[in-house]
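Each chain, written out:
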Amino acid sequence: MHPAGEQRQIRCNSFHLVTLKRFVPPHHLLQALLATARFGSMARAATHLDLTASAVSKQVLELEHLLGVALFERIRKQLRLTPAGQRYVARIEPLISELEEATKSVVVGAAQGTTLGISSVPSFGDKHVVPHLREFSERHPDIELRFVPYVRSYDFSVPELDCAIRFGEGSWPGARAHYLAGSHNVVIAPSKRAHGSPPLAKPADVLHYPLLRHLSVPNAWRDWCRVHGVDDAKSLSGPCLDMCSTIVQAVASGMGLGLLPACIVHQDLDAGVVHSPLPVWRIMPWGYYLCYPEEKAGLPALVAFRDWLLERCGALEPDAGSRPLHSTGN
C-alpha cells in the first residue's frame, strides 16, 4: 500500500461521476475489501478467499480507483482502513451478509419448495406458536420456517412473507383468514387484593378500579360494560398499553384491572401471577387469525403449517372450530 503520511489522489473517470447514484461495485471487489479489513493482511485475506496476495491487492486497488477513495493505508507496517474505508466497510458488511442470506434462501427455497415465511403478533406467537415449533419440525422436517418482523405482517407484497398471524375481526382485503383463538376475554386482577380495596364480586365492581386498555382494542372495556349492564362512562379513561404482557405486569403490580383473551393469560392465571375474580367470559368480535394471500393458498408448506396450527388451536377455546373462514378478494 502506501507509506504513512503520503497523500493519494485517485481520480474518478466521467463514467463514475455520471453513474455514481446507480453504481454498485462488483461483488468480488467488495469481498476482497471485507476480507482484507477483517484480517488486516492481504496475505491472510488471500488464504481466506483462495486467491493470491497479488490478486487481492489488485482487486482492492481496482475498487479504490472505482470509488475514487483511498480505503487502506500502511502505518508502521500495519495495514489499516482509512476513515473513509472504515465508514464504507461498516455500511456494506451487513448488506453483503443480507445479500448472501437472501441468495441462499431463494436457491434453497426454489430447490426444495419448503421454505415458509411467517410473521406473528408477539402475544400469540410467544404463547402458542414458538413453544411448539419442535413438534411441527418433527412432523414436517422438510419445511423451514423463516420469521419476518411483525411490523411487515400486513404487507403481503413483501416477497419473503407467505402468511401472518394477525389480531382483528378476521377480514383483510385479498386475504384468507382462519380463526385461531382470542375471542374469549376474561377480567384479570392482582393475585392478592390490597388491604382495604373494594371487592370484585359482580361486574359493576370493576368501576372501583382503573381499567387498563390495550392499544389495539381501546373500546374493549366499553363493550364489556355495556354487555353486563354496567355504566361505561369510565371505560375509556384508563391507561392504554401496547402489549398484553405489559398489561399483565401492570395488573400484577396493582395498577388496575385488565381485559384480555383467555388464551393469552391462562398461563399467568395458572401460575398465580394474576387471577380472574369474575366467573364471566365475554366473547368479543375479534381474535387471532392466520392470514395469507389468495394466490399462496395452495403452497404445500403453507397448507401443512395451517393444518398443524388449526389443530393446535382447536383446544384453546370451546368454539374455535366453529368460527368461520373469511375470504375476500381485491
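Residues numbered from 1 in each chain as written. Predicted model: local features only at pLDDT ≥ 70, side-chain atom pairs only at ≥ 80, totals over all residues. Heavy atoms only, no water.

Let's talk about the nonpolar core
Core analysis: the biggest nonpolar cluster contains 57 residues, and Phe124, Ile165, Trp224, Leu257, Tyr288, Phe305 and Leu309 have the highest contact counts within it. At seven residues, helix α11 (residues 300-313) tops the list of elements feeding residues into this core. In contact with Leu257, other than residues within four places in its own chain, are Val187, Ile188, Ala189, Pro190, Leu200, Val206, Tyr209, Pro210, Leu211, Leu212, Trp221 and Val251. Among the nonpolar cores identified, the runner-up in size contains 21 residues, and Leu33, Ala35, Val56 and Val89 belong to it. (Core = buried A, V, L, I, M, F, W, Y, C linked by side-chain atoms within 4.5 Å. Buried < 20%, exposed > 50% of the residue type's maximum accessible area, 1.4 Å probe, protein only. Helix = DSSP H or I, 4+ residues; strand = E, 2+ residues; numbered from the N terminus. Contact = heavy atoms within 4.5 Å.)

Some details on helix α3 (residues 42-49)
If you check which residues of α3 are buried, you get Met42, Ala45 and Ala46. Mapping the buried residues of α3 onto a view down its axis gives an arc of 105°, with all of them on the same face. Tucked into the core, α3 has its buried residues touching α2 (27-39), α4 (53-67) and β2 (78-81). A distance of 3.3 Å separates the backbone nitrogen of Ala43 from a side-chain oxygen at the start of α3, and that oxygen is part of Ser41. Once α3 finishes, Asp50 follows within two positions and takes phi at roughly 60°, a positive value. (Arc of directions from axis to C-beta. Polar contact = N/O pair within 3.5 Å; in protein donor to acceptor, adjacent residues only side chain to side chain.)

Some words on the confidence of the model for the protein
Averaged over all residues, the pLDDT of the protein equals 83, while 85% of them reach at least 70. Under a pLDDT of 50 for its full length, residues 1-21 has, in the predicted model, 25 contacts with residues more than four places off or in other chains. (pLDDT = per-residue confidence, 0-100.)

Topic: the packing of α2 against α3
Taken N-terminus to C-terminus, the directions of α2 and α3 make an angle of 125°; their axes are 8 Å apart at the nearest point. Overall, the two elements α2 and α3 adopt an arrangement that is oblique. Like other packed secondary-structure pairs, α2 and α3 cross with a definite hand, here right-handed. On α3, the residues that touch Gln31, Ala32, Ala35, Thr36, Arg38 and Phe39 of α2 are Met42, Arg44, Ala45, His48 and Leu49. Classifying every residue of the contact of α2 with α3 by side-chain character gives six nonpolar, three polar and two charged. (Axes fitted to C-alpha atoms, helices over the stretch in contact; angles between N-to-C directions. Parallel < 35°, antiparallel > 145°, perpendicular 65-115°, else oblique. Left-handed = near helix turned anticlockwise from the far one by under 90°. Nonpolar A, V, L, I, M, F, W, Y, C, P; charged D, E, K, R; others polar.)

Considering the packing of aromatic side chains
According to the stated counting rule, one finds eight aromatic pairs in the structure shown. When the ring of Tyr179 is compared with that of Tyr289, the centres are 5.5 Å apart and the planes differ by 70°; the resulting orientation is edge-to-face. Placement of Tyr179 in strand β6 (residues 175-181) and of Tyr289 in strand β13 (residues 287-293) is noted, with a sequence separation of 110 residues between them. Each member of the pair, Tyr179 as well as Tyr289, is classed as buried. An aromatic cluster is defined as three or more aromatic residues linked by ring pairs; in this entry it consists of Phe124, Phe167 and Tyr288. (Phe/Tyr/Trp six-rings, centres within 6.5 Å; stacked < 30°, edge-to-face > 60°.)

Let's talk about the pairing of strand β5 (residues 163-168)
Burial analysis of β5 places six of its six residues in the buried class, which makes it a mostly covered element. Residue alternation in β5 divides its side chains into two sets, Cys163, Ile165 and Phe167 and Ala164, Arg166 and Gly168, and both sets are buried. With three bridges joining them, strand β3 (residues 115-120) and β5 adopt parallel strand pairing. Bridging across to β5, Ser119 finds its partner in Ala164. Pairing of β5 with β13, which is carried by five bridges, proceeds in the antiparallel orientation. Counted as the bridge partner of Ala164 is Cys291 from β13. (Pairing = 2+ DSSP bridges.)

Focus on the pattern of salt bridges
The final tally for this structure, using the stated rule, is 12 salt bridges. With its nearest N and O atoms 3.2 Å apart, the salt bridge here joins Arg139 to Glu311. Of this pair, Arg139 sits in helix α7 (residues 133-139) while Glu311 sits in helix α11, placing them 172 residues apart in sequence. We classify Arg139 as partly exposed; its relative accessible area is 40%. A salt bridge links Asp205 to Lys202, with the nearest nitrogen and oxygen atoms 3.0 Å apart. Under the relative-accessibility criterion, Asp205 is labelled buried at 6%. We classify Lys202 as partly exposed; its relative accessible area is 47%. (Salt bridge = Lys/Arg side-chain N within 4 Å of Asp/Glu carboxyl O.)

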